[in-house]
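Fold and geometry: a report
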Amino acid sequence: MAVIWSKESIVARMKEEGLRITPQRIQVVELLLELPHPTADRIYEAMVGKFPHVSPTTVYSTLKLLIEIGIARELANGSKSSRFELAETDHWHFRCRLCGRLFNLEPDNRESLMAAGTDHGRFQVDGCRVEFYGVCAMCRE
Ligand SMILES: [Zn+2]
Ligand SMILES: [Zn+2]
């Protein structure tokens, strides 16, 4: 499940899937590679300088397309503040309730987690989302 995306491989994948490659779409991809867990608004803000005509809707629909073809995923936590990331590695998250930052965690004990999720093999699991929340190391100091 660990794919490491680069700009080139993402654009190749988009072409394979028959998506139109536009400068705006490329920019969304670049920002997903650059920014840690950005919201759609954050991506939009980073884009308006270069693409004054871009709308939040364009950003959002591009993100949706990238999700549909398996390149990105949405870390759902209510629609407006939803964050996005490249769907490259299976990892867990820690969300800090003070600074709002989202950290990646290495999954641990995947086997016992899968055993629980599949109800010991009865269910087919397509994915799993683990999110811890609390106060991060920086905010605890
Ligand atoms: Zn924090
Ligand atoms: Zn992440």
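Residues numbered from 1 in each chain as written. Chains lettered and ligands numbered in written order. Predicted model: local features only at pLDDT ≥ 70, side-chain atom pairs only at ≥ 80, totals over all residues.

Side note on the sheet that holds strand β4 (residues 102-105)
- Reading across the sheet, the three strands line up as β4-β3-β5 and stay open at both edges, with mixed pairing between neighbours. Here the strands that pair on one side only, and so sit at the sheet edges, are β4 and β5 (131-134). Sheet twist, expressed as the average angle between the axes of neighbouring strands with direction ignored, equals 25°. (Pairing = 2+ DSSP bridges. Helix = DSSP H or I, 4+ residues; strand = E, 2+ residues; numbered from the N terminus. Axes fitted to C-alpha atoms, helices over the stretch in contact; angles between N-to-C directions.)

Focus on the UniProt feature "binding site: Zn(2+)" (unreviewed entry) in the protein
- UniProt records the feature "binding site: Zn(2+)" (unreviewed entry) at Cys96, Cys99, Cys136 and Cys139, using the numbering of this structure. Maximum C-alpha separation among the annotated residues is 8.3 Å over a sequence range of 44 residues, consistent with a single clustered spot.
- Here Cys96 is to be found in strand β3 (residues 92-96).
- Those residues in contact with Cys96, other than ones at most four positions away along the chain, are Arg101, Val135, Cys136 and Cys139.
- In this view, Cys139 contacts Cys96, Leu98 and Cys99; residues no more than four positions away in its chain are not counted. (UniProt positions renumbered as here; feature names shortened; annotations may be inferred. Contact = placed C-beta atoms within 7 Å.)

Regarding the UniProt feature "binding site: Fe cation" (unreviewed entry) in the protein
- Mapped onto the present numbering, the UniProt feature "binding site: Fe cation" (unreviewed entry) falls on Glu111.
- By secondary structure assignment, the location of Glu111 is in helix α5 (residues 110-117).
- Classification of Glu111 as exposed rests on a count of 7 C-beta atoms within 10 Å. (Buried ≥ 20, exposed ≤ 12 C-beta atoms within 10 Å, placed from the backbone.)

Here's the deal with the packing of helix α3 (residues 40-48) against helix α4 (residues 56-68)
- The geometry of α3 relative to α4 is characterised by a closest axis approach of 9 Å and an angle of 120° between their N-to-C directions. By the angle between their axes, α3 is oblique relative to α4. Seen from above, α3 lies across α4 with right-handed handedness. Residues Ala40, Asp41, Ile43, Tyr44 and Met47 of α3 form the contact with α4, whose own contacting residues are Pro56, Val59, Tyr60 and Leu63. (Parallel < 35°, antiparallel > 145°, perpendicular 65-115°, else oblique. Left-handed = near helix turned anticlockwise from the far one by under 90°.)

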